[in-house]
Every structure is written in structure tokens, then in C-alpha cells.
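Close look at the chain arrangement
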Amino acid sequence: RVEVESQRGIIATLANRINEEMGSIEHINVQERDAHNSVINLCIGVHNRIHLANILRRIRLLGFVIRVHRSKN
């Protein structure tokens, strides 16, 4: 789950960052909270917890990201 400030090209930037870390996006869902913020739910294919942690760390570095956290199913 990624909470972001709404900007143009966010999905492409997230997908590129995940791809750089050799992860794969299996599912994506975007919900707009208001004109300025959105919540993006991603299902990401990873090798292990360390791989996931590396991807989350890289996503947190993006300027438009407010919060990132793992949701367990």
C-alpha cells in the first residue's frame, strides 16, 4: 500500500522503480482520496522478505510518496 501525492506519471515511476529492483507487479489498484492524494495498492512478486524490503526502501525515496507499508493477506 502506497499513499502518494497525486501527480502525473506516478504509476509509470512506481513500475520503473519496482522493475529496477527485479520485482514484478502482479496487481495494481488506485483509489483517489481527494484531488491531492491517492492510495495505490500493489501486489508485487518478490523472492523473499529482504527483496521486498529493498523494493519498499526504494519506493520510499520517491518525492511524491507519503507512506508505504506492507499489507498481509
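Our subject is the structure that appears above.
Basis of the calculations
- Residues numbered from 1 in each chain as written.
- Predicted model: local features only at pLDDT ≥ 70, side-chain atom pairs only at ≥ 80, totals over all residues.
- Heavy atoms only, no water.
- Pairing = 2+ DSSP bridges.
- Helix = DSSP H or I, 4+ residues; strand = E, 2+ residues; numbered from the N terminus.
- Axes fitted to C-alpha atoms, helices over the stretch in contact; angles between N-to-C directions.
- Contact = heavy atoms within 4.5 Å.
- Patch = residues over 30% accessible without salt bridge, like charges linked within 9 Å, V, L, I, M, F, W, Y side chains within 5 Å.
- Areas by Shrake-Rupley, 256 points an atom, 1.4 Å probe, with all protein chains shown as cover.
- Salt bridge = Lys/Arg side-chain N within 4 Å of Asp/Glu carboxyl O.
- Buried < 20%, exposed > 50% of the residue type's maximum accessible area, 1.4 Å probe, protein only.
- Left-handed = near helix turned anticlockwise from the far one by under 90°.
- Nonpolar A, V, L, I, M, F, W, Y, C, P; charged D, E, K, R; others polar.
- Core = buried A, V, L, I, M, F, W, Y, C linked by side-chain atoms within 4.5 Å.
- Arc of directions from axis to C-beta.

As a further point, take the sheet that holds strand β1 (residues 2–5). Overall, antiparallel pairing links the 4 strands, which are arranged β2-β3-β1-β4 in an open sheet. Single-partner strands in this sheet number two, and they are β2 (24–32) and β4 (65–68). Averaged over all neighbouring strand pairs, the angle between strand axes comes to 20°, with direction disregarded. Packing against the sheet, helix α2 (residues 49–60) makes contact with β1, β3 (37–45) and β4, and its axis sits at approximately 160° to β4.

The grouping of I11, I25, I28 and V30 at the surface amounts to a nonpolar patch, some 290 Å² of accessible area in total. If you tally residues by element for the nonpolar patch, the top one is β2, at 3 residues. A relative accessible area of 38% means that I11 is categorised as partly exposed.

We now examine unusual backbone geometry. Here M22, not a glycine, exhibits a phi torsion of approximately 65°, which is positive. Within the secondary structure layout, M22 lies in the loop between α1 (10–20) and β2. According to the relative accessible area criterion, M22 is exposed, its value standing at 63%.

This part covers the packing of α1 against α2. Where α1 meets α2, the closest approach of the two axes is 9 Å, and the angle between their N-to-C directions is 140°. Where α1 crosses over α2, the two elements pack in a sense that is right-handed. The residues of α2 that touch α1, namely those facing L14, R17, I18 and E20, are I55, R58 and I59. Of the residues in the contact of α1 with α2, the class split is 4 nonpolar, no polar and 3 charged.

A separate point is the nonpolar core. The biggest cluster of nonpolar side chains holds 16 residues, and the ones touching the most others in it are V2, V4, I40, I59 and V65. Residue assignment for this core shows that the elements contributing at least two residues are β1, α1, β3, α2 and β4. If we ignore the near neighbours within four places in the chain, the residues touching I40 are R1, V2, V4, I10, I11, L14, I28, N29 and V30.

Another aspect to go through is the environment of H36. Residue placement: H36 occurs in the loop between β2 and β3. Measuring from C-alpha to C-alpha, the distance between H36 and L61 comes to 19 Å, with 25 residues separating the pair along the chain. Residues in contact with H36, not counting those within four places in the same chain, are V4, E5 and S6.

Here α1 has its buried residues at I10, L14, R17 and I18. Down the axis of α1, the buried set is contained in an arc of 100°. They therefore lie on one face. Here the buried face of α1 lies against β1, β2, β3 and α2. A positive backbone phi angle near 65° is found at M22, which sits one or two residues after α1.

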